[in-house]
Amino acid sequence: ATVNVVAGQRTFTITVKDIDTDAALQNARVYVTAAAGGGLAEGTVIIDKVLTNASGQVSDTRSYSGNQPYVGNIRVASLGTYYKATSISGTISSSADTSINVSLIPDD
């Protein structure tokens, strides 16, 4: 049997909430790609239009050779309340799990 062990995997978690109520937003569509300056090629998809779960979360786990800048977009257009699309950017740590919170603004 062959066992492959991938060392140093890190989890990148995004939590999406309503800015007014602080309620988790299920089914927010999250799209994140690598930005320039990290081990991944610019434009490499990190989270590919994945919908948030009931806790408003989506995550990706992988190994990074160094800290990885990212850019992305989050939107909700299928619930009773529509939300303004939001752009995100930051850096995923190669030495620890990274979590961010994103608050969306209702689009009246």
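Residues numbered from 1 in each chain as written. Predicted model: local features only at pLDDT ≥ 70, side-chain atom pairs only at ≥ 80, totals over all residues. Heavy atoms only, no water.

Colleague: Help me out: how do you make sense of the overall build of the protein in this one?
Modeller: Of regular secondary structure, the protein possesses zero helices and seven strands. Ordered by position from the N terminus, the helices and strands of the protein form the series β-β-β-β-β-β-β. Principal-axis analysis of the C-alpha atoms places the extent of the protein at approximately 50 × 35 × 20 Å. Per-residue burial for the protein yields a buried fraction of 32% across its 108 residues. Taking the contacts inside the protein whose residues are at least 6 apart along the sequence as the reference set, 61% of them involve residues at least 24 apart. Taken as a whole, the protein presents about 6100 Å² of accessible surface, with 44% of it coming from carbon and sulfur. (Helix = DSSP H or I, 4+ residues; strand = E, 2+ residues; numbered from the N terminus. Buried < 20%, exposed > 50% of the residue type's maximum accessible area, 1.4 Å probe, protein only. Contact = heavy atoms within 4.5 Å. Areas by Shrake-Rupley, 256 points an atom, 1.4 Å probe, with all protein chains shown as cover.)

Colleague: I would appreciate a short explanation of the pairing of strand β7 (residues 98–104) in the present structure.
Modeller: When a strand is regular, its side chains alternate between the sheet's two faces. Burial of β7 is one-sided: the residues T98, I100, V102 and L104 facing one way are buried, the residues S99, N101 and S103 facing the other way are not. Judged from the seven bridges that link them, strand β1 (residues 9–18) and β7 form a sheet pairing that is parallel. Note on β7: the bridge partner recorded for F12 is T98. (Pairing = 2+ DSSP bridges.)

Colleague: So what exactly am I meant to see when it comes to the packing of aromatic side chains here?
Modeller: Describing an aromatic ring pair means giving the distance of the ring centres and the angle of the ring planes. Counted according to the given criterion, the structure contains one aromatic pair. A cation over a ring is seen here: K49 above Y31, with NZ or CZ 5.7 Å from the ring centre. (Phe/Tyr/Trp six-rings, centres within 6.5 Å; stacked < 30°, edge-to-face > 60°. Lys NZ or Arg CZ within 6 Å of the ring centre and 35° of its normal.)

Colleague: What should I look at first to understand the sheet that holds β1 in this one?
Modeller: Read across the open sheet, the three strands follow the order β4-β1-β7; overall the sheet is mixed. Two strands bound the open sheet, and with one partner strand each, they are β4 (57–63) and β7. For this sheet, the mean angle separating the axes of adjacent strands, direction not counted, is 15°. Where β1 meets β4, seven bridges bridge the pair, whose relative direction is antiparallel. Across the sheet, T15 pairs through a bridge with Q57, a residue of β4. (Axes fitted to C-alpha atoms, helices over the stretch in contact; angles between N-to-C directions.)

Colleague: I tried to follow the sheet that holds strand β5 (residues 68–75) on my own but got confused; where do I start?
Modeller: Within a sheet, adjacent strands bond to each other through the backbone by hydrogen bonds, running parallel or antiparallel. The strand order across the open sheet formed by four strands is β3-β2-β5-β6, and the pairing between neighbours is antiparallel. In this open sheet, the two edge strands, each paired with only one partner strand, are β3 (45–51) and β6 (86–92). Averaged over neighbouring strand pairs, the angle between their axes works out to 15° when direction is ignored. Alignment of strand β2 (residues 29–34) against β3, held across four bridges, turns out to be antiparallel.

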